[in-house]
Amino acid sequence: MPYHVRYSAILSDLLERTENHFIHYNNDIESFPPAVIIAYLCFMKPLYLSFAFLAATTSLFAQLQRKQSPAQFVRPLIGTQRMGHTFPGATVPFGMVQLSPDTDTIPFSVNGKYNPDVYKYCAGYQYDDKTIVGFSHTHFSGTGHSDLGDFLVMPTVGTLQLNPGTAEDPKSGFRSTFSHENEVAQAGYYKVLLDEGNITAEMTATNRVGFHQYTFPKSSQAHIILDLMSGIYNYDDKNVWTFVRVENDSTITGYRQTNGWGRTRTLYFAMKFSKAFFQYGSKEFAKMTYRGFWGKFDQRKNFPEIAGKQIRMYFDFKTEEFEKIKVKMALSSVSTQGALKNMNAELPGWDFDKIKKDAQDLWNKELSKISIDGTNVEKENFYTAMYHAMINPTTYMDVDGAYKGLDQNIHYAKGFTNYTTFSLWDTYRALHPLFNIIEPKRNSDMVRSMLAHYDQSTLHMLPVWSNSSNDNWCMSGYHSVSVIADAILKGNATGTDANKALDACIATGTKKTYDGIGDYIQKGYIPIDKNGVGVSTTLEYAYDDWAIAQLAKKLGRTKEYNEFIKRSENYKNVFDASVGFMRPRLNDGSFKKDFDPLKTDGQGFIEGNAWNFSLFVPHDPTALINLMGGKQRFVEHLDSLFTMHLPDAFFAETEDITRDGIIGGYVHGNEPAHHVAYLYNWANAPWKTQERIRMILKMQYRSAPDGLGGNDDTGQMSAWYIFSSLGFYPVAPGSTEYAIGSPAVDGAMINLENGKKFEVEVKNQGDQNVYVQKIVLNGKPLTGFTLHHADIINGGKITFFMGSSPVKN
């Protein structure tokens, strides 16, 4: 074998075995300069050193650096510490499976009362934890409430334990300590060393199948535990029923029904092992009043049909040193047969490395829809934001199109992919508008999924916050109408009858029995003495009504346009000119007397205060500016918001807002004010928009586990970062206009689904050069600070000329 070939092979092997010394959490060895790697290897393995080896090393790494792909910059651990609520495990873009470690078993309630510690575990994983309980197959990304955590799997060796133990004493159960030094998190792949038992756990996934690979030590007591009790935001009665069949010595099927955030959620599974287990067993932890006559059997060991509420199972193996046992877990909302069908279609074999590569290829395909120029850290932030933006919504159907609907019947998605996980209070703002640029076909399918939800709803309403054919009614507004209107107005609603879509929007917006809509229609506002968040809900309804009006206008339905454009002005009914803020009004029409615009609790606003929510008129900033006293006064108001100090006491009772996500009094860590920095554009102070945007990008997004200032909220925080880094933002979805900001990338290319390209060129970029000097669009000067959707979708080039001094004329 030639020396350079042999040494390249040695290098590859050495890098594999020592990768954790390099990567810790930044796990792309390709980004390391060759000289650093060579120096390291010279220190670690001097016997390999030779001129041939050095030449091979330099050549290999030069090739690797030329082949850098966007997935190599993804850092799934960003947001896993403190408020981000992201998970580090394996998933594919918009996949049904999110296979990830859970680091504790914090219950939703203690002694019948809400346990605030559970909030940290919305995604199942907290970076500061020292133990892993197991690896479950479903997770929300970035939410501020939670559910899921289905079908937790954990490998162990030694004496069998079916209790998870505690973080303080992990040896008291099946959990294990771990170190971030032995943890690898990549797009589509996760790996960790479980200290107890010295077991290496690896994860990857297809759309509907989680794929585990466990490397065991030599043991006559190797176990794989299937915990059907475990869940996120768990409580004693959350499991309604669980059923398991042991089909043969390597195949398990079953289902679990839960009553959580989704109250009628049923998930089926099929589980296959690459090696036959020699024995198995189960334990029911619930005290059940009625068990029938099943006591005629000893169901605890080697019994093939188990049913109950609180079940854990175990499967026993004898293993050799470094023996790998692989596990496939397929999901379905329809049946165990559907789960098996998904497994056979997506993952028929056992080639772990191939599935890992396939997953990462899928990520590279999606992430390549925007390519940027910038530093490695900038790419890490950008492509991780892209990654987080492409986790949700999630696929919700089998490979044959079957899924369980709101009516609990089986439906078939014909001609589209059915999606779920619609956190619409968050994602209508920037995530779905981003999809209208880079994922128009998917967004069109998401609209069709929402309309299918409407058709199955006995209430005849579009989704508010839906998952797994359940609407949990979380948050306020009826923001699905914004997503639908925005998609249709931008030409991204293939297969949708626009008039029927408008009818669904109108039916939702006129449901008088829902969340104050009756009072809103009758009075023009929602009284605070009848609805605790009446002010913010009034503001959100007004915006949604404007979105409905835009769709009606496009379709030539003048009557509906006039009705809803009038309703869109209802924000004026909660504005108190005497104090200059939106203010709660009582049922008798008077304003609430004891009013504090700084407080987030008890003032009529959901997860916010009057300082932030008073600026929520994204559909008519000009009218808002006039309402608040004109442009100069409005600029002063915005300046005060960004520079004031908001004491902790004013948001102490709102768990979704912490100091991490606050700049002055501006709350970026929660969504209602995400458009606010762009409002300077309407007040003749665009240079202030530019400096504020660049400040927010620097302060609220970092390439670190605690790099997000607030919940990522299924991709909304990330979508804000993507848009703002590119230099424009959709202030009012439902409009085809974007507000210009200040691009933070050195350049970008948006690769459109229609085959065209839109280039963002940035001249004289730099940390100090945050001010736009001039803009050229397709060779012509751009006047004003508005970019049109057609300018992007038709392809072309926008050039920003940047400088260190603001242009104020």
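What this report covers is the structure whose coordinates are included nearby.

The rules behind each value
Residues numbered from 1 in each chain as written. Predicted model: local features only at pLDDT ≥ 70, side-chain atom pairs only at ≥ 80, totals over all residues. Heavy atoms only, no water. Helix = DSSP H or I, 4+ residues; strand = E, 2+ residues; numbered from the N terminus. Buried < 20%, exposed > 50% of the residue type's maximum accessible area, 1.4 Å probe, protein only. Contact = heavy atoms within 4.5 Å. Areas by Shrake-Rupley, 256 points an atom, 1.4 Å probe, with all protein chains shown as cover. Lys, Arg positive; Asp, Glu negative; His and termini not counted. Salt bridge = Lys/Arg side-chain N within 4 Å of Asp/Glu carboxyl O. Polar contact = N/O pair within 3.5 Å; in protein donor to acceptor, adjacent residues only side chain to side chain. Expected span 1.5 Å × (residues − 1). Core = buried A, V, L, I, M, F, W, Y, C linked by side-chain atoms within 4.5 Å. Pairing = 2+ DSSP bridges. Axes fitted to C-alpha atoms, helices over the stretch in contact; angles between N-to-C directions. Parallel < 35°, antiparallel > 145°, perpendicular 65-115°, else oblique. Nonpolar A, V, L, I, M, F, W, Y, C, P; charged D, E, K, R; others polar. Phe/Tyr/Trp six-rings, centres within 6.5 Å; stacked < 30°, edge-to-face > 60°. Lys NZ or Arg CZ within 6 Å of the ring centre and 35° of its normal. Disulfide = S-S within 2.5 Å.

## Observations regarding the overall build of the protein chain
Thought 1: Scanning the protein chain from N- to C-terminus turns up 20 helices and 39 strands.
Thought 2: Taken over the C-alpha atoms alone, the protein chain extends approximately 80 × 75 × 50 Å along its principal axes.
Thought 3: When each of the 809 residues of the protein chain is scored for burial, the buried share is 63%.
Thought 4: Taking as baseline every contact in the protein chain between residues at least 6 positions apart, the subset at least 24 positions apart corresponds to 70%.
Thought 5: Surface exposure of the protein chain reaches about 29700 Å², of which carbon and sulfur atoms provide 51%.

## A word on the environment of Lys238
Thought 1: Within the secondary structure layout, Lys238 lies in the loop between strand S12 (219-227) and strand S13 (239-248).
Thought 2: For Lys238, a relative accessible area of 2% translates into the label buried.
Thought 3: The sequence separation of Lys238 and Thr258 amounts to 20 residues, and the corresponding C-alpha distance is 5.4 Å.
Thought 4: Not counting the four nearest positions on each side in its chain, Lys238 is found in contact with Asp147, Leu148, Ile232, Tyr233, Gln257, Thr258, Asn259 and Gly260.

## A short note on unusual backbone geometry
Thought 1: Here the amide bond leading from Asn392 into Pro393 is cis, since omega sits at -10°, within 30 degrees of zero.
Thought 2: Of note, Pro393 is situated in the loop between helix H6 (376-389) and strand S21 (394-395).
Thought 3: Phi at Phe94 is positive, roughly 60°, even though this residue is not glycine.
Thought 4: Looking at the secondary structure, you find Phe94 in the loop between helix H3 (51-66) and strand S1 (100-102).
Thought 5: For Phe151, which is not glycine, the phi dihedral falls at a positive 60°.
Thought 6: With respect to the helices and strands, the residue Phe151 is situated in the loop between strand S5 (134-136) and strand S6 (152-157).
Thought 7: Judged by relative accessible area, which is 0%, Phe151 ranks as buried.

## Topic: the side chain of Lys328
Thought 1: Tracing the backbone shows Lys328 in strand S19 (residues 323-332).
Thought 2: Look at Lys328: it is buried, it has no salt bridge, and the nearest opposite charge is Glu346 at 11 Å.
Thought 3: From its side chain, Lys328 meets the backbone oxygen of Leu347 in a polar contact 3.0 Å long.
Thought 4: Apart from the residues lying within four places of it in its own chain, the contact partners of Lys328 are Val209, Gly210, Phe211, Ala270, Met271, Lys272, Met343, Leu347, Pro348, Gly349 and Trp350.

## Notes on helix H13 (residues 534-554)
Thought 1: For H13, which comprises 21 residues, the first-to-last C-alpha distance of 30 Å matches the rise-based estimate of 30 Å (1.5 Å per residue) to within 8%.
Thought 2: Most of H13 sits inside the fold, with 19 of its 21 residues counted as buried.
Thought 3: Positive backbone phi, at 75°, marks Gly556, one or two positions downstream of H13.

## Focus: the nonpolar core
Thought 1: Core analysis: the largest hydrophobic core is formed by 149 residues, its most contacted members being Met582, Phe728 and Ile798.
Thought 2: The dominant element in this core, judged by the number of residues it contributes, is H13, at 11 residues.
Thought 3: When sequence neighbours within four positions are dropped, the list of residues in contact with Ile798 reads Ile740, Phe758, Glu759, Val760, Glu761, Ile775, Val776, Leu777, Leu782 and Leu787.
Thought 4: Counting residues in hydrophobic clusters, the runner-up holds 52 residues, among them Val246, Tyr280, Val327 and Met329.

## Focus: the sheet that holds S13
Thought 1: With antiparallel pairing, the 9 strands of this open sheet are ordered in space as S8-S9-S10-S11-S19-S15-S14-S13-S17. Of all strands in the sheet, those bounded by a partner on one side alone are strand S8 (183-186) and strand S17 (305-308). Shown here is a sheet whose adjacent strand axes are inclined to one another by a mean of 15°, direction ignored.
Thought 2: In this sheet, strand S15 (residues 265-273) lies alongside strand S14 (residues 251-258) in antiparallel orientation, the contact comprising 8 bridges. When the bridges of S15 are listed, Tyr255 appears paired with Tyr268.
Thought 3: Sitting on the sheet, helix H5 (residues 352-367) is in contact with S8, strand S9 (189-194), strand S10 (199-205), strand S11 (209-216) and S19, with an inclination near 50° to S10.

## Digging into the environment of Ala185
Thought 1: Position of Ala185 relative to the elements: it lies in strand S8.
Thought 2: Along the chain, Ala185 and Asn344 lie 159 residues apart, while their C-alpha atoms are 27 Å from each other.

## Things to note about the packing of helix H8 (residues 431-438) against helix H9 (residues 440-456)
Thought 1: At their nearest, the axes of H8 and H9 sit 6 Å apart, and the two run at 130° to each other. Comparing the axis directions of H8 and H9 gives the class oblique. In this structure, H8 uses His432, Phe435, Asn436, Ile437 and Ile438 to contact H9, whose residues at the interface are Pro440, Asn443, Met446 and Met450.
Thought 2: Of the residues that constitute the contact of H8 with H9, the class distribution is 6 nonpolar, 3 polar and no charged.

## Brief notes about the packing of aromatic side chains
Thought 1: Under the definition given, this model contains 47 aromatic pairs.
Thought 2: Between Trp473 and Tyr514, the aromatic rings sit 5.4 Å apart at their centres with planes inclined by 50°, giving tilted as the arrangement. Highlighted residues: Trp473 in the loop between strand S27 (470-471) and helix H10 (480-489) and Tyr514 in the loop between helix H11 (498-509) and helix H12 (517-523), separated in sequence by 41 residues.
Thought 3: Within the aromatic cluster, the residues linked to one another by ring pairs are Tyr678, Tyr701, Trp720, Tyr721, Phe723, Phe728, Tyr729 and Tyr738.
Thought 4: The ring of Phe278 carries Lys318 above its face, with NZ or CZ at 3.6 Å from the centroid.
Thought 5: Lying across the ring of Tyr525, Arg585 places its NZ or CZ 4.4 Å from the centre.

## Notes on the state of the cysteines
Thought 1: In this structure the tally under the stated criterion is 0 disulfides.
Thought 2: Left without a disulfide partner, Cys474 is nearest to the cysteine sulfur of Cys122, which lies 10 Å away.

## Observations concerning the pattern of salt bridges
Pairs can form between side chains of opposite charge whenever their charged atoms are close.
Thought 1: Counted according to the given criterion, the structure contains 37 salt bridges.
Thought 2: Here Arg256 ties to Asp150 by a salt bridge, and the two come within 2.8 Å at their closest N and O atoms. Placement of Arg256 in strand S14 and of Asp150 in the loop between S5 and S6 is noted, with a sequence separation of 106 residues between them. In terms of burial, Arg256 and Asp150 fall into one category: buried.
Thought 3: Between Asp400 and Lys341 there is a salt bridge whose closest N-O contact spans 3.2 Å. A residue pair is termed long-range when its members are at least 10 positions apart, and Asp400 in the loop between S21 and strand S22 (402-404) and Lys341 in helix H4 (residues 336-346) qualify at 59 residues.
Thought 4: Judged by its relative accessible area of 37%, Lys341 is partly exposed.

## So, the environment of Leu347
Thought 1: Note on placement: Leu347 falls in the loop between H4 and H5.
Thought 2: The exposure class assigned to Leu347 is buried, which follows from its relative accessible area of 2%.
Thought 3: Apart from residues lying up to four places away in sequence, Leu347 is in contact with Thr206, Val209, Phe211, Lys328, Asn342 and Ile355.

## Considering the pairing of strand S33 (residues 737-740)
A regular strand places its side chains on the two faces of the sheet in alternate fashion.
Thought 1: Where strand S32 (residues 728-729) meets S33, 2 bridges bridge the pair, whose relative direction is antiparallel. Across the sheet, residue Tyr729 finds its bridge partner in S33, namely Ala739.

## Concerning the sheet that holds S27
Thought 1: Strand order in this open sheet of 3 strands is S25-S26-S27, and the pairing throughout is antiparallel. Strands at the two margins of the open sheet, each flanked by one partner only, are strand S25 (422-423) and S27.
Thought 2: In this sheet, strand S26 (residues 465-467) lies alongside S25 in antiparallel orientation, the contact comprising 2 bridges. Along S26, the bridge assignment pairs Ser423 with Trp465.

## Considering the pairing of S14
Thought 1: Within S14, 6 of the 8 residues are buried, which leaves it mostly tucked inside the rest of the structure.
Thought 2: Sheet analysis places S13 next to S14, joined by 8 bridges and oriented antiparallel. By the bridge assignment, Val244 is partnered in S14 with Gly254.
Thought 3: In textbook terms, the turn of a hairpin is the stretch between consecutive antiparallel strands, and for S13 and S14 this stretch comprises 2 residues.

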